[in-house]
Amino acid sequence: MNGCLGDDIMGIYRDIKKGLILYEQGHSMEAIWEWKFGFEVHWGEHATSAIRALHSFNYQLGGDIIEIGE
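In what follows, the accompanying structure is described. Along each chain, residue indices are assigned from 1 in the same order as the chain's sequence is written. Only residues with pLDDT of at least 70 are given local features in this predicted model, and only at 80 or more are side-chain atom pairs given and counted; all residues enter the totals for whole chains, interfaces and linings. Excluded from the side-chain calculation are hydrogens and water; included are all heavy atoms of the structure.

## Describing the overall build of the protein
Right, so step 1: The way it works is that DSSP assigns letters per residue, a run of H or I at least four long becomes a helix, a run of E at least two long becomes a strand, and they are numbered from the N terminus. Tallying secondary structure elements over the protein gives 2 helices and 0 strands in all.
Right, so step 2: The contact rule is simple, with two residues in contact once any of their heavy atoms fall within 4.5 Å. Pairs at least 24 residues apart make up 51% of the contacts formed inside the protein by residues separated by at least 6 positions.
Right, so step 3: For the area figures, the Shrake-Rupley method with a 1.4 Å probe applies, and any residue is considered shielded solely by the protein chains shown. Working note: accessible area of the protein is about 5600 Å², and carbon and sulfur atoms make up 63% of it.

In structure tokens, the structure reads:
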């Protein structure tokens, strides 16, 4: 695996935050456009990389489902 889970999470956060700021300012259509465009060209790849890293980590632990709160 290349990259870092933290980098993936930060990449997603930065792109989602742009849309959230627009949405909070009342620009809902621009926010939707920002999220869609960002997903297609940038943060969608970070999201799939993060899922891949989490999946790999889970199965390195023996395949048990990781539950929140454990």
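Now that the structure is up, let's keep going.
## Thoughts on the pattern of salt bridges
Right, so step 1: Within this document, salt bridges are pairs made up of a side-chain nitrogen of Lys or Arg and a carboxyl oxygen of Asp or Glu, the two lying within 4 Å of each other. Across all of its chains, the model carries 2 salt bridges by this definition.
Right, so step 2: With its nearest N and O atoms 3.7 Å apart, the salt bridge here joins Asp15 to Lys18. Within this pair, Asp15 and its partner Lys18 are both found in helix α1 (residues 5-24), separated by 3 residues, close to a single helical turn.
Right, so step 3: Burial classes: relative accessible area under 20% of the type maximum marks a residue as buried, over 50% as exposed, and values in between as partly exposed (1.4 Å probe, protein chains only). By relative accessible area, which is 44% here, Lys18 ends up partly exposed.
Right, so step 4: We note a salt bridge from Lys36 to Glu40, for which the minimum N-O separation is 2.5 Å. One end of the pair, Lys36, and the other, Glu40, are both in helix α2 (residues 28-60), 4 residues apart, so they sit about a helical turn from each other.

## Some points on the packing of aromatic side chains
Right, so step 1: A pair of Phe, Tyr and Trp rings is counted when the ring centres sit within 6.5 Å of each other, with Trp represented by its six-membered ring. The angle between the planes then sorts it: under 30 degrees is stacked, over 60 is edge-to-face, the rest tilted. Following the criterion strictly, the structure yields 3 aromatic pairs and no others.
Right, so step 2: Relative to Trp35, the ring of Tyr23 has its centre 6.4 Å away and its plane inclined at 35 degrees; by these criteria the two rings are tilted. Taken together, the residues Tyr23 in helix α1 and Trp35 in helix α2 connect sequence positions 12 residues apart.
Right, so step 3: For Trp35, a relative accessible area of 23% gives the class partly exposed.
Right, so step 4: On the numbers, 4.9 Å between centres and 5 degrees between planes, the contact of Trp33 with Phe37 is stacked.

Note that every value here comes from positions in space, so none of it alone points to a role or purpose.
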